[in-house]
Amino acid sequence: MPRSFFVIIASLFICSGWTSDAYSQSGSIPTPESVLGFTVGADFEMATYEESIAYFKRLEAASPLLDLVEVGRTSEDRPFYLALISSADNLQNVERYREISLRLAHPEGLSDEEARNLAREGKAIVHIDGAVHASEVAAHQHTIQLAYDLLTSTDDPEIQAILDNVIFMLWPTLNPDGQTMVVQWYESNLGTPFETSSMPWLYQKYVGHDNNRDSYMLNMIESRVIGRTWRQWEPQIVYVHHQTAPFPSRIWLPPFDDPVGNRVHPLMARTVNTIGMLMAQALEERGQVGATHMAPFDAWYPGYIDYLPMLQNAAAFWTETALFRYATPRFYSISDLPADARDLRPESLYPSPWPGGWWRLRDAVEYMVTASTAVLDFAAKFRFDLLYNRYQAGRDAIRKYTEGPPYAWFIPQDQWDPVAPVELLRRLAFNGIRVSRLTSSVTHAGIEYPAGTWVIPMDQEYAELARTLLEVQVYPDLREYAGGPPKRPYDVSGWTLPLQFGVRVIEAVEPLTEAFLSALAPVEGEAGEWRSTGSGSDPAEEDHAPFDSVPGLGFDSDATAAGIVPPAGRLTGSGPALSIDAAQNNVFRAVNRAWREGGTVRFRAGEAGTIGPGAVGRYIITGLDRETMAEMVESLALRAVRSEPEGTTLPQPRIGLYRPWSASMDEGWTRWLLEQYDFAFSSIRNADFTSGPLLDRYDVVIFADYGARTIMEGFAPGSIPARYVGGIGQAGVRALDTFVSDGGTLVCLNGSSGFAIDVLDLPVRNVTTGLERGAFSASGSILEILVDPIHPVMAGMPSHAGILFSRSPVFTTTEGFTGTAMAVYQESGSPLLSGFLMGEEHINGYAAALDVRHGAGHVLLIGFKPQWRGQPFGSFRVLFNAALFHGRNAHDAEGTPGFWSAPSASKPDDGGR
């Protein structure tokens, strides 16, 4: 095993002989303007990531108080850096302080007195960054100024105390690719009418603004780099900068609004609330007015990069500083303020109202520098408390679940899709949750669990994170005002991973017996060096590996995650074809690989009245040699049968994914997911709709979750350079209508279904249209649908499945409908599985997904998000099957007779419409 990278860092410091005296004799620290050519925050000026890192390298060369560390690579293969800033003595002993931080974060076996001694010896480790959202530009510019200020203010007792007591992890940005993209876009339009126009592509390769909502899923490379680095350092504070504040305030600070996560240790919540108020005080002391707190930012969803660490017992939070557009200043008169804010009346949590005036990038930078410095000052003054409270929170979690339920979670290997639990458990393990496995069969609470069953013991320090992700969410019924509509969560209300993954888990509500504990063994694989883990030679290799079923890919930097592998592939039978049931997501990797290698694919629908994953449709591969098929089964952990060829031949479809210039996160997630499963597809831009018949180029066209205006109109003329203006327009609609009428398949996910219903005049109606939130509300919840697994688009789905419902349509049919329902909601009772739902009677008995015949083709209306943020493994196959639904497979498609009929018009759910 290679030496720890941190041992190498420590030895470099020792060999260099750097000391405080050496620093006092070092050369002068270069100013930002001497390197960048402008003052940080100057009007119309911003540094790209490359320019920022060039400046940090100059600082590193000039000062022994800063060390620049490459921690990974980005999606676009840029080097990903953080800067360690502290006293020279601290950096010489950085490995010891890192060890202390790790030991206190993982307190098993420590006594309180031992922990106190370590806390007295240790240094606070604080993460502050230049934002994850690249368009929030003040954040990545302020890190340049902040570093300079710290390195040149050592004669200030407050700064010296910070350097002596804190090891500061300053990330120039959490989105290197996006910083350069945004700055270059702004510079390309500077001085034109489009100076402040929106960028027509995402500022992260796939997911744009969603990059801060990926913390527990770790789908994006950057999420894994950050999460892995945290596990190597275990910072006590994580502070992520954002923009913009709720107008007209100038900066939003914790405390958060309600609801907040109900599994966070109160010490962490109190720490964050205290820091928020101290930041506000520091701003007031400097005359930086306009700080506010609480609304509108709640902390219910745990997937935020700046909140998930709370469930790992670190004080994590974000702030939101005011923003106009990029580096362009704006003047606000009193009349620009909301009417109820023009009297400038002080409020309890907004005591110094901002009166308006100029707002410049420099103003936002200065607010951020003040806030960041206040956090560092807090860490320096309360170093012992931060370190010891981190220990206490972990100790309390271990004690809580040693003494009370749930004592563990059991995850059997026998699952609907045998790879799905591996996908789930690897993510938990990468986030620091320990996973064990039964070495022999054991009975617990009257149920026998076979050898190989995975177990998450809850007597561990990150137990609350495990529980938060595995349990069912019950979002509180809060109202906007007394008697008013439900208060929506800032993000989603339910995310329960077993429901999204389609994985069966069992909660242990009785203590584990000695016999059970003696059969448990920790899951361990071989972890690579923390910084470079693929082959050990390329720092980017592990980071760029996908999170998929193949053992080791994307997980090698964590021993537990690397050791979680699916049951070995199983191949039975003796025929010339390879038959794989559609319940396994990896069947789609196999199908796409078969086409690449010249094989033939067939599809056989399931049969009515049969049950189990093997009876819900199968893909059959022929034309490959036996060795290739066997290797495919082994590498993808498939359960497969050698059989005779059967079913309908399925030609490889020509797939087009609509990609509007009004950049869409949902399109990005869809694109990412199709790539992960090796689909061949093309992006379709607006002009492509009128560049000849679509059917000459595509068999299947996919629309992700877009609104009708995005599709039809896009950017308005004059708001952006002309080549990015507009949507598909009426000409595109006509082309799309002809495409479907002549035999093509149009796939509409969630909101785009409404577009298709309207422009293609489909005999379908969304029954939730027009319902007030006081009558119907389901904000980002997991609902249960009843599935017709006989329909090819639902092949592989269980008869009852959980789906992510978020501003989703619910369908009924009208006169002239030809087609079939693919999934429906139950006739009565609540379909809620996790989150919040009010007004279920308005959707009971209606359809969640329809296959609508339109001429010779099909429009697939999927009224949910089967690919939401790359999370619902249990419904990915709906998108994948839809992408393959064309030709004879679509022409011959039939559902189960009598599966659904539209409720009568008298059903009381129309709300008077």
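It should be emphasised that the depicted structure is a prediction, and the values quoted were computed from it without experimental measurement.

The subject of this paragraph is helix H27 (residues 876-883). Burial analysis of H27 places eight of its eight residues in the buried class, the great majority of the element. All buried positions along H27 are accounted for by Phe-876, Arg-877, Val-878, Leu-879, Phe-880, Asn-881, Ala-882 and Ala-883.

Moving on: the packing of aromatic side chains. The full count for this structure, using the stated rule, is 50 aromatic pairs. Aromatic side chains Phe-256 and Tyr-307 sit 5.5 Å apart centroid to centroid with 90 degrees between the ring planes, which places their arrangement in the edge-to-face category. Taken as a pair, Phe-256 in strand E6 (residues 251-260) and Tyr-307 in the loop between strand E7 (291-299) and strand E8 (315-321) lie far apart in primary sequence, 51 residues in all. Note on Phe-256: relative accessible area 8%, which makes it buried. Exposure remark for Tyr-307: the relative accessible area of 3% places this residue in the buried category. Between Tyr-658 and Tyr-706, the aromatic rings sit 5.4 Å apart at their centres with planes inclined by 90 degrees, giving edge-to-face as the arrangement. Of this pair, Tyr-658 sits in strand E24 (residues 655-658) while Tyr-706 sits in the loop between strand E26 (700-703) and helix H24 (708-712), and the two are 48 residues apart along the sequence. Judged by relative accessible area, Tyr-658 falls into the buried class, the value being 0%.

Here we take up the sheet that holds strand E1 (residues 66-73). Read from one edge to the other, the open sheet built from eight strands follows the order E1-E2-E4-E3-E5-E8-E6-E7, with strand pairing classed as mixed. Only two strands of the sheet have a single partner each, and these edge strands are E1 and E7. Averaged over all neighbouring strand pairs, the angle between strand axes comes to 30 degrees, with direction disregarded. As defined by bridge partners, E1 adjoins strand E2 (residues 79-85) across seven bridges and the pair is classed as antiparallel. When the bridges of E2 are listed, Asp-67 appears paired with Leu-84. Lying on the sheet, helix H9 (residues 157-165) is in contact with E2, strand E3 (124-129) and strand E4 (166-171); it crosses E4 at an angle near 95 degrees.

Take the packing of helix H4 (residues 49-62) against helix H8 (residues 137-151) next. Running from N to C, H4 and H8 point in directions that differ by 10 degrees, and their axes come no closer than 10 Å. By the criterion of interaxial angle, the relationship of H4 to H8 is roughly parallel. Every residue of H8 that contacts H4 at Ser-52, Tyr-55, Phe-56 and Leu-59 is listed here: Thr-143, Ile-144, Ala-147, Tyr-148 and Leu-151. Class assignment of the residues belonging to the contact of H4 with H8 gives a composition of seven nonpolar, two polar and no charged.

Turning our eyes to something else, we now look at the pairing of strand E15 (residues 454-457). In E15, alternate side chains face the same way, and those of Trp-454 and Ile-456 on one face and Val-455 and Pro-457 on the other are all buried. In this structure, strand E11 (residues 408-411) lies alongside E15, joined through four bridges in antiparallel fashion. From the neighbouring strand, Ala-408 faces E15, where its bridge partner is Pro-457. Sheet analysis places strand E12 (residues 436-438) next to E15, joined by two bridges and oriented antiparallel. Following the sheet pairing, Arg-437 is matched in E15 by Trp-454.

For the rest of this paragraph, the subject is the side chain of Gln-826. By the element assignment, Gln-826 lies in the loop between strand E32 (819-824) and strand E33 (832-834). Here Gln-826 falls in the buried class, since its relative accessible area comes to 17%. Within polar-contact distance, the side chain of Gln-826 engages the backbone oxygen of Ser-830 at 3.3 Å. Discounting chain neighbours no more than four positions away, the residues touching Gln-826 are Glu-784, Leu-786, Pro-831, Asn-844 and Gly-845.

What follows deals with the confidence of the model for the protein. Averaged over the protein, the pLDDT score is 92; the fraction of residues at 70 or greater is 91%. Here residues 527-553 is a poorly scored stretch, pLDDT under 50, and it has 89 contacts once near neighbours within four places are set aside; other chains count.

Here we take up the sheet that holds strand E16 (residues 506-508). Pairing is antiparallel in the open sheet, where five strands are placed in the order E16-E11-E15-E12-E17. Looking at which strands have only one partner, the edges of the open sheet turn out to be E16 and strand E17 (520-522). Geometrically, the sheet is characterised by an average inter-axis angle of 30 degrees between neighbouring strands, direction not taken into account. Together, E11 and E15 form the strand contacts of helix H15 (residues 420-430), whose direction differs from that of E15 by roughly 30 degrees.

A separate point is the pattern of salt bridges. Applying the stated criterion across every chain, the model contains 39 salt bridges. Here Arg-73 makes a salt bridge to Glu-70, at a shortest N to O gap of 3.2 Å. One salt bridge connects Asp-257 with Lys-487, and the closest N-O pair in it is separated by 3.0 Å. With Asp-257 in strand E6 and Lys-487 in the loop between helix H16 (463-470) and helix H17 (497-501), this pair connects stretches of sequence that are 230 residues apart.

What follows concerns the packing of helix H7 (residues 112-121) against helix H14 (residues 383-403). Look at H7 against H14: their axes get within 8 Å of each other, and the N-to-C directions meet at 145 degrees. Note on packing geometry: the crossing formed by H7 with H14 is right-handed. Listed contacts from H14 to Asp-112, Ala-115, Arg-116, Ala-119, Arg-120 and Glu-121 of H7 are Arg-383, Phe-384, Leu-387, Tyr-388, Tyr-391 and Arg-395. Residue classes in the contact of H7 with H14 are distributed as six nonpolar, no polar and six charged.

Before going further, it helps to spend a moment on the environment of Gly-898. By the secondary structure assignment, Gly-898 is in the segment after helix H28 (887-891). Placed 194 residues apart in sequence, Gly-898 and Ala-704 show a C-alpha to C-alpha distance of 30 Å.

The next point concerns H9. Ile-159, Ile-162, Leu-163 and Asn-165 are the residues of H9 that are buried. Between the side-chain oxygen of the N-cap and the backbone nitrogen of Glu-158 there are 2.8 Å, and the N-cap of H9 in question is Asp-156.

This brings us to unusual backbone geometry. With omega at 10 degrees, the peptide bond leading from Phe-247 into Pro-248 counts as cis. Residue Glu-234 is not a glycine yet carries a positive backbone phi of 50 degrees. Among the secondary structure elements, Glu-234 is positioned in the loop between helix H11 (221-233) and strand E5 (237-242).

In this section: the environment of Thr-600. Mapped onto the elements, Thr-600 comes out in strand E20 (residues 600-604). On the accessibility criterion, Thr-600 (33% relative accessible area) is partly exposed. Taking the C-alpha atoms as reference, Thr-600 lies 7.7 Å from Leu-650; in sequence the two are 50 residues apart. For Thr-600, the contacting residues outside a window of four places in its chain are Ile-620, Ile-621, Thr-622 and Thr-649.

About the cut-offs
- Each chain carries its own residue numbering, running from 1 in the direction its sequence is written.
- Local features are withheld for residues below a pLDDT of 70 in this predicted model, meaning they are given only at 70 or higher, and side-chain atom pairs are given and counted only at 80 or more; totals for whole chains, interfaces and linings count all residues.
- Processing note: side-chain calculations cover all non-hydrogen atoms of the structure and skip hydrogens and water entirely.
- Note on classification: 1.4 Å probe, protein chains only; a residue is buried when its accessible area is under 20% of the maximum for its type, exposed when over 50%, partly exposed between these limits.
- Put simply, DSSP marks the helices as runs of H or I at least four residues long and the strands as runs of E at least two long, and each gets a number from the N terminus on.
- Aromatic contacts are taken between Phe, Tyr and Trp rings whose centres are within 6.5 Å, Trp giving its six-membered ring; a plane angle under 30 degrees counts as stacked, one over 60 as edge-to-face, and the others as tilted.
- Here, strands pair whenever DSSP counts at least two bridges between them.
- Lines fitted to C-alpha atoms define the axes here, with helix axes fitted over just the stretch in contact, and angles between the N-to-C directions of these axes take values from 0 to 180 degrees.
- Pairs of residues are marked as contacts when any of their non-hydrogen atoms sit within 4.5 Å.
- Every angle not falling under 35 degrees, over 145, or within 65 to 115 is termed oblique; those three ranges are roughly parallel, roughly antiparallel and roughly perpendicular.
- Each residue gets one of three labels, nonpolar for Ala, Val, Leu, Ile, Met, Phe, Trp, Tyr, Cys and Pro, charged for Asp, Glu, Lys and Arg, and polar for the others, Gly among them.
- Polar contacts, as used here, are pairs of N or O atoms within 3.5 Å; protein pairs need one atom able to donate a hydrogen and one able to accept it. Residues neighboring in sequence count only if both atoms are side-chain atoms.
- pLDDT expresses how confident the predictor is about each individual residue, on a scale running from 0 to 100.
- The term salt bridge refers to a side-chain nitrogen of Lys or Arg lying within 4 Å of a carboxyl oxygen of Asp or Glu.
- Note on convention: near helix rotated counterclockwise from far helix by under a right angle means a left-handed crossing. Clockwise means right-handed.

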